[in-house]
Amino acid sequence: MLRGTATFGALKVALNCKKRMNVRAVVHRVCLIMGCYLVVENVDSLLTICSRRRKTGSGLVCVYIKYVSCCFAVQDQAGMMLLRVSLLCIAASSFHNAYSTTPRLSNEEPLKKTSATIRADEGEELDIRLPRSLRPLHYVIKLQPFINGNFSILGYVEVEMEVLEPTSNITLHMADIITKNDTVRVFSLNERAVVGIKEQHYDPERQFYIAHLEKQLEEGEKYVLSMDFLGSLGDLLHGFYKSAYKDIDGTTKRVAATMFQPTDARRAFPCFDEPALKATFEVHLARETWMTSLSNMPLAETRPVEGQEGWVWDRFERSVPMSTYLVAFVVSDFSHVKSSKDGHVQFRVWARRSVIDQAKYTASIAPKILNFYEKYFNIPFPLRKQDMIALPELSVQAMENWGLITSREDTLLHNPRVSTLANKANLVQVISHELAHNWFGNLVTPTWWEGLWLSEGFATYLGNLGMDYAEPTWKVLETLLIETLHGVMNMDSLATSRKISFPVGRPEEIKDIFDVDIVTMLPGASIIRMMSHFLGESTFRKGLTNFLGSFKYTNAEQDDLWEHLTAVAHQDGTLPRNVTVKTIMDTWTLQKGFPVIQVSRSMEGTSATISQGHILQLSPEGRNISNTHDSKWWVPLTYTCRNQANFNRTQAMVWMKDSEDSITITALPPKDQWVIFNLQETGYYRVSYDDHNWGLLIQQLRDDHEVIHVINRAQIIDDAMNLARTGHLNYTIALDVYSYLWKETAFLPWLTAMNNLHYITRMFKGKTGFGALKHYLLALTLPLYKAVGFDDNSEDPYLLKAKRRLAVEWACDLGHGHCLQQARALYRRWMLDPANESIISPDIKPTVYCHAIAEGGEAEWDFAWRRYLETDVSTETSVLLDALACTKETWILARYLEISLDPNTHMKRQDVAFVLSYIGRNEMGRHLVLNYLNEHWNKIYPYQKLMRGELLNLATRDFNTKTDLKNNPGAGHSKQFTVLYLTTEPLQYRKASEGHTRNKISRHVMMLQLLWGSPMGLKPDIVRYRLSLASSSLEETRHAETPSAGHRWNTVTVFIFTYQKH
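Small disclaimer: the values here were computed from a predicted structure and weren't measured.

1. Let's talk about the sheet that holds strand 18 (residues 335–338)
Then comes step 1: Judged by pairing direction, the sheet is mixed, and its 5 strands sit side by side in the order 18-19-20-22-21 without closing on themselves. Looking at strand neighbours, the two that pair on one side only are strand 18 and strand 21 (398–399), the edges of this open sheet.
Then comes step 2: Along the sheet, helix 6 (residues 360–377) contacts strand 18, strand 19 (346–351) and strand 20 (385–391); its crossing angle with strand 19, the most-contacted strand, is approximately 140°.

2. Some thoughts on unusual backbone geometry
Then comes step 1: Pro-262 follows Gln-261 through a cis peptide bond whose omega is 5°.
Then comes step 2: Its place among the elements puts Pro-262 in the loop between strand 12 (252–259) and strand 13 (280–288).
Then comes step 3: Residues other than glycine seldom take positive phi values, yet Phe-151 does so here, at roughly 70°.
Then comes step 4: Inspection of the secondary structure assignment puts Phe-151 in the loop between strand 3 (134–145) and strand 4 (152–163).
Then comes step 5: In this structure, Asn-678 is a non-glycine residue whose phi angle is positive, near 70°.
Then comes step 6: On the secondary structure map, Asn-678 appears in the loop between strand 31 (675–677) and strand 32 (686–689).

3. So, the state of the cysteines
Then comes step 1: Within the structure shown, the criterion is met by 2 disulfides.
Then comes step 2: Disulfide pairing is shown between Cys-812 and Cys-819; the S-S distance is 1.9 Å. What sets the handedness of the Cys-812 and Cys-819 disulfide is the S-S torsion sign, and at about -95° it is left-handed.
Then comes step 3: Classification of Cys-812 by relative accessible area gives buried; the value is 2%.
Then comes step 4: The exposure class of Cys-819 is buried, given its relative accessible area of 0%.
Then comes step 5: Here Cys-850 engages in a disulfide with Cys-886; their sulfurs sit 2.0 Å apart. Because the sign of the S-S torsion sets the handedness, a value of about -105° for the bond joining Cys-850 and Cys-886 places this disulfide among the left-handed ones. Taken together, the residues Cys-850 in helix 23 (residues 845–855) and Cys-886 in the loop between helix 25 (874–884) and helix 26 (890–901) connect sequence positions 36 residues apart.
Then comes step 6: With a relative accessible area of 13%, Cys-886 lands in the buried category.

4. Describing the sheet that holds strand 26 (residues 608–613)
Then comes step 1: The mixed open sheet is built from 4 strands, whose spatial order is 30-26-25-32. If you trace the sheet from one side to the other, it starts and ends with strand 30 (662–665) and strand 32, each paired once. Across the sheet, the mean angle from the axis of one strand to that of its neighbour is 25°, orientation sign disregarded.
Then comes step 2: In this structure, strand 26 lies alongside strand 30, joined through 4 bridges in antiparallel fashion. Looking at the pairing, Ser-611 lines up with Ser-662 of strand 30.
Then comes step 3: Contacting strand 25 (596–601) and strand 32, helix 16 (residues 691–704) runs over the sheet at an angle of about 105° to strand 32.

5. Comments concerning the pattern of salt bridges
Then comes step 1: Per the stated rule, a full pass over the model turns up 35 salt bridges.
Then comes step 2: Arg-267 is the salt-bridge partner of Asp-176, the closest N and O atoms lying 2.6 Å from each other. Of this pair, Asp-176 sits in the loop between strand 5 (167–173) and strand 6 (178–179) while Arg-267 sits in the loop between strand 12 and strand 13, and the two are 91 residues apart along the sequence.
Then comes step 3: The class for Asp-176 is partly exposed, based on a relative accessible area of 23%.
Then comes step 4: On the basis of relative accessibility, which here comes to 15%, the residue Arg-267 falls in the buried class.
Then comes step 5: A single network of salt bridges, built from pairs that share partners, joins Arg-352, Glu-409, Asp-872 and Lys-908.

Rules and cut-offs
Residues numbered from 1 in each chain as written. Predicted model: local features only at pLDDT ≥ 70, side-chain atom pairs only at ≥ 80, totals over all residues. Heavy atoms only, no water. Pairing = 2+ DSSP bridges. Helix = DSSP H or I, 4+ residues; strand = E, 2+ residues; numbered from the N terminus. Contact = heavy atoms within 4.5 Å. Axes fitted to C-alpha atoms, helices over the stretch in contact; angles between N-to-C directions. Disulfide = S-S within 2.5 Å. Buried < 20%, exposed > 50% of the residue type's maximum accessible area, 1.4 Å probe, protein only. Salt bridge = Lys/Arg side-chain N within 4 Å of Asp/Glu carboxyl O.

As structure tokens, this is what we get:
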């Protein structure tokens, strides 16, 4: 059948190579010689069968189906015949034992779940960590990815190792790779003596390639293992993967890029894929001459690929010692801009040629931030170049690969005419975070993944400092940092929250940490900020510099950092000699959650009893401010009072130990003066006061709010609302805090106030009191809306723009006529002149788009969809995808869902899940998304499965009934996907608390209904009558629930003021 074809020649050569070669090796060699892609009909069905037959001999057939179907391209019909013949041969010879000379292809099935070990079929526990007998020293990696061909990768790896203890086998990590076993060589580095290999096999459970040697490797000696291998460019956004985009002329072009963190370097080349096993790397990448390749280090030389015209090899300089997850390569046809900053580091930002102008802001700001870190740590950046590249697709926002930071386009690119202020802030925050990793994470790396919080926490906290240095007028340390703190405290108060530092084992558990990075980054950043304040900035920085200097190019654990910080703290006198940083910080990293400090002042007010408890978001029946989990912390207490208001004393004034149930603080002012604890909210804890002190604080906010620091004004709002939400403060007090807001001009208190109202809004949606609540919220928002106006000015300062964005968003969401009219009018103007990018200000664009589409019909939606297809600005794409889900037409939402899931639409994989969440957020589209989640749960986010939980969280965050909870599609999957604590826990809490929450606010809602029975414009006598009824109702509430002599102001104030202003 094959005689006379090109395929027959390949088969003949292969069969004649080795008469005694087993059949599988023959097929292997045939495929290599052919260099073509053998197309298989019904490959998906065969792969499904394969997943069920891994343990049998026939599983080998499936292995080769995967191999052939992934790596080659057919040139003639005879290739199909060869495949069929090959499969029959394989089936006939598939009874070799597990230690065959040819390893099986790496397993793609999920590994069985345990904590630190995995269990084999026979029942014994297997250690998934690599043996410690060998230590890698240096890699030579040569890869030729056929990005414009069949997506195969021809690879070669050479790893130099030092023997730490005698061993007779070499174990490497490997996945999705086929080794050419006859090319594997092991030899001693000094004598070049070859070490024989008895057998090779692959352990799919642990993703181990193991070479069993004929003799033992000697301790202290150095050896080299080399091999050729085959791989493929995947499409799951991990390992060495491919991505596509359309050029400005509509041509489809491809990019090959890497994403190795945490455990995917093994998918690109066999390696010691653990963070502690650092080595140096020499990378060689083959590319076509019209493309460009990048890696961690500068380019050393370029030379032709022998026998392949149009191809060249790029060799990059030998790297500094680093972990495998930081190795990176990109092959593309991108262009770049260089930084104009002078310095010892060459800065380049890469992007698609059509959008390279949008990289200028990044090129100007990144060197400035890097220079800040060099001065902050007093340690220079160790590389000669820093590349940053905007990729069409990446599974995370950005990745800190040393010398080659990869990022999504909407994270790295900025178009000042189109991109929003939020886009710009996110860009600076991400760049600053990734550059901070050059010291925490790259220079010094956690020994194992349980120390990830150290790397991510420091990069997040220091990233805020770098961001503040780059854009000081944004006041990041007073806005973004505190906003982040409030958000993470809300998540960290769930009963299923996790410790900052916790053990992890198998690769999927390691990935869990990254998929739920809020658990590691944000609480970690918050306690690091607290530590910098209780140690003092000078002591903190000296300790960090000493730590980084001692462990550079190696690995460390949190105790190593605590030791260095303690030494400097004792030297500087910022900690008592009998107290260590470890003693303090272990209480924050090795147990979950955070404390709530209860301040109960004496009758005279001159002393206060301080106690700590652990408040969780539980049902009303389960709520208890006591130590539900018997958790205690070392708490740095700071405080000030009315007669000596000093909010800058952020070093610990008093320590509350984890062994103390309560302490007493004396020398406080008389009872007619307030006290405030947790100055500038530098401590990672909430504060609850007695009702009298709450009343004094509310009165002070009314009289002169600027006496209290802006961060503490936001803290008072956030603490009050969250304590009320968990049932530990009456909502009457919490809402009375809002009564001063009409005088507030700072952005942070407004942002905090409105963020906390989101929860109440969701709980009341669809309930009888929602109309009154909307009137209340509108009355609260209108003063801010009128103060900042609807029309934007490009010259306005950052914080004014931020306030306008907040006010316009809430005013339109609440149905304010003027806001909606302006949004519709601007959108219509834009529809008539689509090329005019100046019609709608970038910062109010999300609100204008959304409400114009919501108030409009098919024409408005179709126009936005066309703009999505035509725009080349990634940040604009994100805004449009969100706005398209705002329509109130269910049939349009159904069409949108269908379009987004259609592979022919060419929507980016990372965007599809966002579209699902946007539609699910729309009350009209929620059932569409939930139905889809129920039917296709296992197909969503195949490359990052735990993102399913985040998607479910976004789609269900407006749930407020038991029926909603019952229909939650994630309920049956919560045991499989730990991220669902983000969803299931809040839903369970809402189920139990929704009625309780509404009851606590019911009298306020009754007051609002009395006051706002009809729209504004009521006759004065009617308003006065309703105000009197509302005041009487509220007074009854106060006397019944919260008697307090100092608690005189109430929510009616807002309405009196609003009415008088009108």
